[in-house]
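Take a look at the letters that make up each chain.
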There are 2 protein chains.
Amino acid sequence: MATEISSLGEFGLIDRLTRDFPLVNESSVLGVGDDAAIISVPADKEALVTTDLLLEGIHFDVRYVPLMHLGYKAAVVNFSDVYAMNGEPKQITVSIGVSSRFTVEHIDAIYAGIKLACEAYGVDLVGGDTSASVTGLVISVTCLGEVEKGKAVRRSGAKETNLICVSGDLGAAYMGLQLLERENQVAAQSGDPDFQPNFAGKEYILQRQLRPEARKDIVERLRAAGVTPTAMMDVSDGLSSELLHICKASGVGCRVYEDRIPIDYQTAIMAEELNMNLVTAAMNGGEDYELLFTVPLTDKDKVEHMEGVRMIGYITAPSLGAALVTRDGGELPIRAQGWNAFTPGEDTAARAAAEGAETNAGEAPADAPAQGEEK
Amino acid sequence: MATEISSLGEFGLIDRLTRDFPLVNESSVLGVGDDAAIISVPADKEALVTTDLLLEGIHFDVRYVPLMHLGYKAAVVNFSDVYAMNGEPKQITVSIGVSSRFTVEHIDAIYAGIKLACEAYGVDLVGGDTSASVTGLVISVTCLGEVEKGKAVRRSGAKETNLICVSGDLGAAYMGLQLLERENQVAAQSGDPDFQPNFAGKEYILQRQLRPEARKDIVERLRAAGVTPTAMMDVSDGLSSELLHICKASGVGCRVYEDRIPIDYQTAIMAEELNMNLVTAAMNGGEDYELLFTVPLTDKDKVEHMEGVRMIGYITAPSLGAALVTRDGGELPIRAQGWNAFTPGEDTAARAAAEGAETNAGEAPADAPAQGEEK
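Report on the accompanying structure. (Residues numbered from 1 in each chain as written. Chains lettered and ligands numbered in written order. Predicted model: local features only at pLDDT ≥ 70, side-chain atom pairs only at ≥ 80, totals over all residues. Heavy atoms only, no water.)

On to the overall build of chain A. Within chain A, the secondary structure is distributed over eleven helices and 13 strands. The buried share of chain A, reckoned over its 375 residues, is 62%. Intrachain contacts of chain A at a sequence separation of at least 6 include 85% that bridge at least 24 residues. Entry remark: accessible area of chain A is about 13,600 Å², with carbon and sulfur atoms responsible for 49%. (Helix = DSSP H or I, 4+ residues; strand = E, 2+ residues; numbered from the N terminus. Buried < 20%, exposed > 50% of the residue type's maximum accessible area, 1.4 Å probe, protein only. Contact = heavy atoms within 4.5 Å. Areas by Shrake-Rupley, 256 points an atom, 1.4 Å probe, with all protein chains shown as cover.)

Below, the structure written as structure tokens:
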């Protein structure tokens, strides 16, 4: 089926896209359909607000990102930002700009993904905007969340001797992207319209790229254990970049141990296949949506054996700078090598910050700013 | 000066753009610079959230919209949505996608306009996202506001016998756009790079198009007079479209008097120059950002002579439908003829819903959905 968007018109499209989104949160007083949504924030809570802009050709490639996954991811990356403040996501607004090569069914698929994400995380769609676009697909998501008054965890609270922890594992989403790009290239070269990409044994890294999850579980686990991080953020641009953010915002330095960086087996296999440096990929790959946080040394016993959490280093005096302690005991200064959203057309190259990448990693500037950073 | 954006990098750009935005509202606990902003909503207030997506080539044309005005307008149209709920705008997030033909100075100009708007309306910039765009300029603004608990005015509260009021005058922004397009065409045809457009005596309609204001004053005036509208919305897609929204949401009909529609002298002159039907332009032009609201008949004395407010008709039983009462006492059914944001490339034609327009108004479908509608 291919229904032209213009056959529905904007209001018809909005009705179609939003009718399957019942409001589940008490705080969502009024959702879609008026000049603004009404949100009731409980008296003992503060509101959180975060936003992400996703642009075709910069942040995603519809040739190998299924639209439902794209919708899911667009929502989840915003939820991740709210969890990274120690909050709970409650509402989102979704604005989309769609060019004429997209049909109503395409947009349905994006919203099906958004709906799945909203259901999984208990979030209400309360508003947005739809428009034609003369060029590519544009998705802008804003997420509202709640946090207990005064309990939001910022990037700026890390203190000397704090332990640095990270959830899950790193570098997998980046390797998933490499895989997708490789198979896409092979498909193009084969000229076979029925070409089937080979993803066997690589399901995890693929899922990490296409359908990331936000670490709601980690925030809940920390809360249950009575641990309040001193600083926290999510890993969207790569561990290196995020460590530097926390160090800068907190006015501290850090030491992170190479052999403590959590890396999945599939990530390692893929890096080997592509002849990439594994640790560099894990440090700089980005899009992991894991939580990076610091806790007081006194919480060591609580986080040391916490499921899904790895202690990877500690906070130092600012004068010591930020460094990776290598396996041989040496120290490498940590530099942000996330991909630069301001070098359009080179995003793949810039992403390939991993040393020895077969793509032209050398083009990534040493201190390249990274994608999707909140202002 | 022309500074390439890539020379600053994303974080450098964000720092530059946001450093001149001090937080002025007590409710803005934490602004730009973390995973999310923190907003403290007073216990006796509810939060409002609204968002607008502006795309180059659909919503604006950089050939004749100065970037500072664009920034101002992008912010103000969101403030207008918050006022239309009987609220006060407090915070915005601004996401922009910029293609490589824009320089840092261009983006500076957009943010200068946003800053002016924020200062004029007492709003804080608390977050956003910046990215490269492989195509045109993308601006996504989300606005948070406050309203006293239970005092938000929706579209759905209009009751039979209620008076219909509108602020300011209508059709001017639309005529301003016609003027800009005409002068742009003349400039192109002249081939003279130093061509000076002729805007003499047309400053008002130009300002209405390029630098609209949100009707904060009307909301305050109503409050001071003790008038709470039963329904309210802002006029962004044209009076016809908005009347139908209120009728549909409230389950009512309406009668609006042609000779009561407020129209400025410059709007009338321009319509005559372009051989357009003035009332149709005023009913369907859009982008007025005036407030359309209904009040109980008992408030007639209070609104009848209120500065900047005109009573234009009344709410009827739903069975009577929505109609314009013409000067000769006849009735014309009201149809939404705002421009269709889903016919890219035809936006100018579709906007020209005014009958007899010299542009090809005939192409605008009779029930074309309109621009910028909140979901």
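To continue, consider the interface of chain A and chain B. Chain A puts 81 residues into the contact, and the matching count from chain B is 81 residues. Counting the surface lost from both chain A and chain B, the interface buries some 6,600 Å², and carbon and sulfur atoms represent 62% of this. On inspection of chain A and its partner chain B, the count reaches four salt bridges. One salt bridge connects A:Asp35 with B:Arg155, and the closest N-O pair in it is separated by 3.5 Å. The interface formed by chain A and chain B includes 16 residue pairs in polar contact (both at pLDDT 80 or more). (Buried area = accessible area lost by both parts, 1.4 Å probe. Salt bridge = Lys/Arg side-chain N within 4 Å of Asp/Glu carboxyl O. Polar contact = N/O pair within 3.5 Å; in protein donor to acceptor, adjacent residues only side chain to side chain.)

On to the relation of the copies chain A and chain B, then. Least-squares fitting of chain A to chain B yields an RMSD of 0.0 Å, with the superposition described by an axial translation of 0.0 Å and a rotation of 180°. Interpreted geometrically, this transformation is the action of a two-fold axis. Measuring from the rotation axis to each C-alpha of chain A, the shortest distance belongs to A:Ala43, at 2.5 Å. A shared binding surface is used by both copies, with 100% of the interface residues of chain A retained as interface residues in chain B. (Least-squares fit on C-alpha atoms with pLDDT ≥ 70 in both.)

Okay, the packing of aromatic side chains next. Residue and element names in this part refer to chain A. In this structure the tally under the stated criterion is eight aromatic pairs over all chains. Note on Tyr83 and Tyr121: the rings are 6.2 Å apart at their centroids and 50° apart in plane angle, and the pair reads as tilted. Note that Tyr83 is positioned in helix H2 (residues 67-83) and Tyr121 in helix H3 (residues 104-121), a separation of 38 residues in sequence. Residue Tyr83 shares its accessibility class with Tyr121, and that shared class is buried. Here the aromatic residues Phe79, Tyr83 and Tyr121 are joined through ring pairs into a cluster of three or more. (Phe/Tyr/Trp six-rings, centres within 6.5 Å; stacked < 30°, edge-to-face > 60°.)

This brings us to the sheet that holds strand S13 (residues 331-333) of chain B. Residues and elements named next belong to chain B. One open sheet holds the seven strands; their spatial order is S8-S10-S7-S11-S9-S12-S13, and the pairing between them is mixed. Each edge of the sheet is formed by a strand with only one pairing partner; in this case those strands are strand S8 (231-235) and S13. The average undirected angle you get between the axes of adjacent strands in this sheet is 25°. One ladder, built from five bridges, connects S8 with strand S10 (residues 290-295); its direction is antiparallel. Note that in S10 the partner of Val235 across the bridge is Glu290. Contacting strand S7 (163-167), S10 and strand S11 (309-316), helix H6 (residues 216-224) runs over the sheet at an angle of about 25° to S10. (Pairing = 2+ DSSP bridges. Axes fitted to C-alpha atoms, helices over the stretch in contact; angles between N-to-C directions.)

Bringing the sheet that holds strand S5 (residues 124-132) of chain A into the picture now. An order of S5(A)-S4(A)-S6(A)-S3(A)-S2(B)-S1(B) is seen for the six strands of this open sheet, with the pairing classed as mixed. A strand with exactly one partner marks an edge of an open sheet, and here the two such strands are S5 of chain A together with strand S1 (28-30) of chain B. Pairwise comparison of adjacent strand axes, ignoring direction, gives a mean angle of 25° for this sheet. In this structure, strand S3 (residues 45-55) of chain A lies alongside strand S6 (residues 138-148) of chain A, joined through eleven bridges in antiparallel fashion.

Quick look at unusual backbone geometry now. All names here are of chain A. Even without a glycine there, the phi angle at Asn86 is positive, about 75°. Structurally, Asn86 can be placed in the loop between H2 and strand S4 (88-98). Unlike most non-glycine residues, Tyr289 shows phi in positive territory, near 55°. Within the secondary structure, Tyr289 is located in the loop between helix H9 (278-284) and strand S10 (290-295). Using a relative accessible area of 7% as the deciding quantity, one classes Tyr289 as buried.

Moving on, we get to the pattern of salt bridges. Residue and element names in this part refer to chain B. As enumerated under the stated definition, the model contains 42 salt bridges over all chains in all. Residue Arg221 is joined to Asp217 by a salt bridge in which the shortest nitrogen-to-oxygen separation is 3.7 Å. Placement of both Arg221 and Asp217 in helix H6 is noted, with a separation of four residues, approximately one turn of the helix. Relative accessible area serves as the criterion here: at 26%, Asp217 is assigned to the partly exposed category.

The subject of this paragraph is the pairing of strand S12 (residues 322-325) of chain A. All names here are of chain A. The alternating pattern of S12 places Ala322 and Leu324 and Ala323 and Val325 on opposite faces, both of which are buried. Both strand S9 (residues 253-257) and S12 contribute to a ladder of four bridges, which runs parallel. When the sheet's bridge partners are listed, Cys254 is paired in S12 with Ala322. Relative to strand S13 (residues 331-333), S12 is paired through three bridges, and the arrangement is antiparallel. Paired with Val325 across the strands is Glu331, a residue of S13. Counting the residues in the hairpin turn of S12 and S13 gives five residues, including Gly329, whose phi is positive at 90°.

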